[in-house]
Amino acid sequence: MTTMMIKSSTPFCYTHSNNNNTNLSSNTARHNNNNKKVSNHNNNNNVVFKIRSVNKNGHHRNRRSSLSLSLIRAEAISDNEITESSTMMQNKRKDVFAELSEISSNARSEILNESYTPTSASNGRAFAGNSSQANQELHNMIGSSTKNHLKVFSGSAHPELSTEIANYLGMELGKLTIKKFADGEIYVQINESIRGSDVFLVQPTCPPTNDNIMELLVMIDACRRASCRSITAVIPYFGYARADRRTAGRESIAAKLVANLLTQAGATRAVLMDIHSLQTIGYYDIPVDHIYGETVILDYLTSKDFHPDEVVVVSPDVGGVPRARAFAKKLADAPLAIIDKRRTGHNKAQVMNLIGDVEGKICIMLDDMIDTGGTLLAGAELCRSLGAREVYACATHAVFSPPAVERLGSGAFTEVIVTNSIPHTPERDFAQLTVLSVGNLLGETIWRVHNDTPVSFNKL
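On a predicted model such as this, the values are computed, not experimentally measured, just so you know.

Visitor: What should I look at first to understand the overall build of the protein chain in this one?
Guide: The helix and strand tally for the protein chain stands at 11 helices and 20 strands. Looking at the protein chain residue by residue over its 460 residues, the buried ones come to 49%. Residue pairs at least 24 apart in sequence account for 66% of intrachain contacts in the protein chain once pairs closer than 6 positions are excluded. Only carbon and sulfur atoms are counted for the fraction: they give 47% of the accessible area of the protein chain, which is about 22600 Å².

Next comes the structure, spelled out in structure tokens:
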């Protein structure tokens, strides 16, 4: 008699069916306290399968396993020798499992709805079972794995954006309690089990910046203490991003400080969008996925069907030239113009000159954020004075510190295009403003991070 032991790499098992020479029947099963043996009669050769379940930590779980939950990934260990048929079956099933792990959930469902049975042409032996029942069990298991192991929670900074992300993912936001005590301290409690889950916390650190950063840190700590598998801080707008270097002696680098706080609180990954300076990514000691909200603006401008010869992309300063150049290349390879400016203080800039030709052109002024709007307004007035026909202001982050609304709505701009990385309120509205949603972009990024697939799909 040949004995084969099948060790599970997951707590779940799966069996395909075949109506060939071999049949497994629950009537032939023999049970004991530690394992389950199933006799299989084929050409007077008895093969005994010992089913032993192993959890994800590698510890054996000696429990009774039903025959309908057999293995899709298995190792065959024979007392005497492993036949050529069983080796081929083993390798084939491993290949199928690897493919199932890489493709999307929709493709998985299509494959799992079909019956797969590995057979050996040499001796006609097959691994058989209840195909329809097993297929449905694995289909349900994989189909629900995302909902069971992917959790998205929203801070109080921007619940509307978090809801858009959850709708894109086809799930509900996680349940949690956030409140402030009378003295201003922040309290966070997770109201559902997140043990073993990939947790994504959506919280832009927009004004009030310090309160939102502290709330994010407390949320991370609460999730870490709830035994989740990973914690990803999804930060559509990263406060303190402009404090990324020293321009004078004895200055702080607050961007590095905030990165350290997120890491020490327990975050295992960060997702940032259109960070002010890419060098900020190097401040983190954890993986950082940087995505470009400007791709949403690019799609919107493309829909306007501008003539390629009429458009020029304008960088409001020298530091934004790489961003503007990449944007111009995607926008029908439009020409580039650069505004030379000098800062006389924080939030104060003086335009000196413009490099490039804007006469009779449609100017697309591109920046990562709009704070007080002084730089963009001065640049728009300069472009108008040099003969520009229209001026569009584009930015991912609409900070809109006073008096930004008055400046942007003064009539110098044909349209001001921003995203909802920062919540939009009625008092920030004006006639020329267009707000585009990045909910689908962030939702797709979360899905890809959870499934360990590249997030470079939206690079400029």
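Still more ground to cover, so stick around.
Visitor: How should I be thinking about the packing of aromatic side chains in this particular structure?
Guide: When we look at a pair of aromatic rings, we describe it by the centre distance and by the angle of the planes. Throughout the structure, instances matching the rule amount to four aromatic pairs. When the centroid spacing of 6.0 Å and the interplanar angle of 70 degrees are considered together, the rings of Phe181 and Tyr187 count as edge-to-face. Ring plane angle 50 degrees and centroid distance 6.1 Å describe the contact between Phe400 and Phe430, whose orientation is recorded as tilted. With Phe400 in the loop between strand 18 (390–398) and helix 10 (404–408) and Phe430 in the loop between strand 19 (415–419) and strand 20 (433–436), this pair connects stretches of sequence that are 30 residues apart. When the ring centre of Tyr187 is taken as reference, the NZ or CZ atom of Lys179 above it lies at 5.1 Å.

Visitor: Would you mind showing me how to read helix 7 (residues 294–302) here?
Guide: Each turn of an α-helix holds 3.6 residues, which means side chains three or four residues apart point in the same direction. For helix 7, the full list of buried residues reads Glu294, Thr295, Val296, Ile297, Leu298 and Leu301. Contacts from the buried residues of helix 7 go to helix 8 (321–330), strand 17 (362–370), strand 18, strand 19, strand 20 and helix 11 (439–450).

Visitor: Is there a simple way to explain the environment of Ala412 in this structure?
Guide: Following the sequence through the fold, Ala412 ends up in the loop between helix 10 and strand 19. Residue classification places Ala412 among the buried residues on the basis of a relative accessible area of 12%. Expressed as a C-alpha distance, the spacing of Ala412 and Leu377, which sit 35 residues apart in the sequence, is 7.1 Å. With residues up to four places along the chain from it excluded, the contact list for Ala412 reads Leu377, Ala380, Arg384 and Val391.

Visitor: I would appreciate a short explanation of the sheet that holds strand 11 (residues 230–235) in the present structure.
Guide: Strands pair in a sheet through their backbones, by hydrogen bonds, and they do so in one of two ways: parallel or antiparallel. Here we have five strands laid out as an open sheet, ordered 7-10-11-12-13, and parallel in their pairing. Looking at strand neighbours, the two that pair on one side only are strand 7 (150–154) and strand 13 (288–291), the edges of this open sheet. Across the sheet, the mean angle from the axis of one strand to that of its neighbour is 20 degrees, orientation sign disregarded. Here strand 12 (residues 269–273) pairs with strand 13 via four bridges, running parallel.

Visitor: What's the story with the packing of helix 7 against helix 8 in this structure? I'm lost.
Guide: Packed helices, taken two at a time, are described by their axes: the angle between them and the distance between them. It is at 11 Å that the axes of helix 7 and helix 8 come closest, and there the two elements cross at 35 degrees. Where helix 7 crosses over helix 8, the handedness of that crossing is right-handed. Here Glu294, Ile297, Leu298 and Leu301 of helix 7 lie close against helix 8, whose contacting residues are Arg323, Phe327 and Lys330. Split into classes, the residues belonging to the contact of helix 7 with helix 8 amount to four nonpolar, no polar and three charged.

Visitor: Would you explain the nonpolar core in this entry?
Guide: The nonpolar side chains of a soluble globular protein tend to be buried with one another. Ranked by internal contacts, the top residues of the largest apolar core, which has 36 residues, are Phe327 and Ile364. Of all hydrophobic cores here, the second largest spans 35 residues; its members include Ile190, Leu216, Val218 and Tyr284.

Visitor: Explanation requested: the side chain of Ser154 in the structure shown.
Guide: Within the element layout of this structure, Ser154 appears in strand 7. Within the structure, Ser154 has its side chain in polar contact with the side chain of Ser162 (distance 2.8 Å). Sequence-distant contacts of Ser154, that is, excluding residues within four places in its chain, are made with Pro159, Ser162, Leu173, Leu176, Ile178, Val202 and Met219.

Visitor: I keep staring at helix 6 (residues 254–265) and nothing clicks. Help me out?
Guide: When the terminal C-alpha atoms of helix 6 are compared, their 16 Å separation across 12 residues agrees well with the 16 Å that a helix rising 1.5 Å per residue should span. Every buried residue of helix 6 is accounted for by Ala254, Ala255, Val258, Ala259, Leu262, Thr263 and Ala265. At the C-terminal side of helix 6, Gly266 shows a positive phi close to 130 degrees.

Visitor: I keep staring at the pattern of salt bridges and nothing clicks. Help me out?
Guide: A side chain of one charge can pair with a side chain of the opposite charge when the charged atoms of the two come close. Per the stated rule, a full pass over the model turns up 13 salt bridges. Here Lys180 makes a salt bridge to Asp211, at a shortest N to O gap of 3.3 Å. A residue pair is termed long-range when its members are at least 10 positions apart, and Lys180 in strand 8 (residues 176–180) and Asp211 in helix 5 (residues 209–225) qualify at 31 residues. With a relative accessible area of 34%, Asp211 lands in the partly exposed category. Between Asp198 and Arg229 there is a salt bridge whose closest N-O contact spans 2.9 Å. Note that Asp198 is positioned in strand 10 (residues 198–202) and Arg229 in the loop between helix 5 and strand 11, a separation of 31 residues in sequence.

Visitor: Just to check I follow, could you spell out the confidence of the model for the protein chain for this structure?
Guide: Per-residue pLDDT for the protein chain has a mean of 78; in total, 66% of the residues score no lower than 70. Long-range and interchain partners of residues 1–83, a stretch whose pLDDT sits below 50, account for 181 contacts in this model, where long-range means more than four residues apart. Note on residues 107–131: pLDDT under 50 across the span, and 68 contacts to partners over four residues away in sequence or across chains.

What counts, and where the lines are drawn
- Residues numbered from 1 in each chain as written.
- Predicted model: local features only at pLDDT ≥ 70, side-chain atom pairs only at ≥ 80, totals over all residues.
- Heavy atoms only, no water.
- Helix = DSSP H or I, 4+ residues; strand = E, 2+ residues; numbered from the N terminus.
- Buried < 20%, exposed > 50% of the residue type's maximum accessible area, 1.4 Å probe, protein only.
- Contact = heavy atoms within 4.5 Å.
- Areas by Shrake-Rupley, 256 points an atom, 1.4 Å probe, with all protein chains shown as cover.
- Phe/Tyr/Trp six-rings, centres within 6.5 Å; stacked < 30°, edge-to-face > 60°.
- Lys NZ or Arg CZ within 6 Å of the ring centre and 35° of its normal.
- Pairing = 2+ DSSP bridges.
- Axes fitted to C-alpha atoms, helices over the stretch in contact; angles between N-to-C directions.
- Left-handed = near helix turned anticlockwise from the far one by under 90°.
- Nonpolar A, V, L, I, M, F, W, Y, C, P; charged D, E, K, R; others polar.
- Core = buried A, V, L, I, M, F, W, Y, C linked by side-chain atoms within 4.5 Å.
- Polar contact = N/O pair within 3.5 Å; in protein donor to acceptor, adjacent residues only side chain to side chain.
- Expected span 1.5 Å × (residues − 1).
- Salt bridge = Lys/Arg side-chain N within 4 Å of Asp/Glu carboxyl O.
- pLDDT = per-residue confidence, 0-100.

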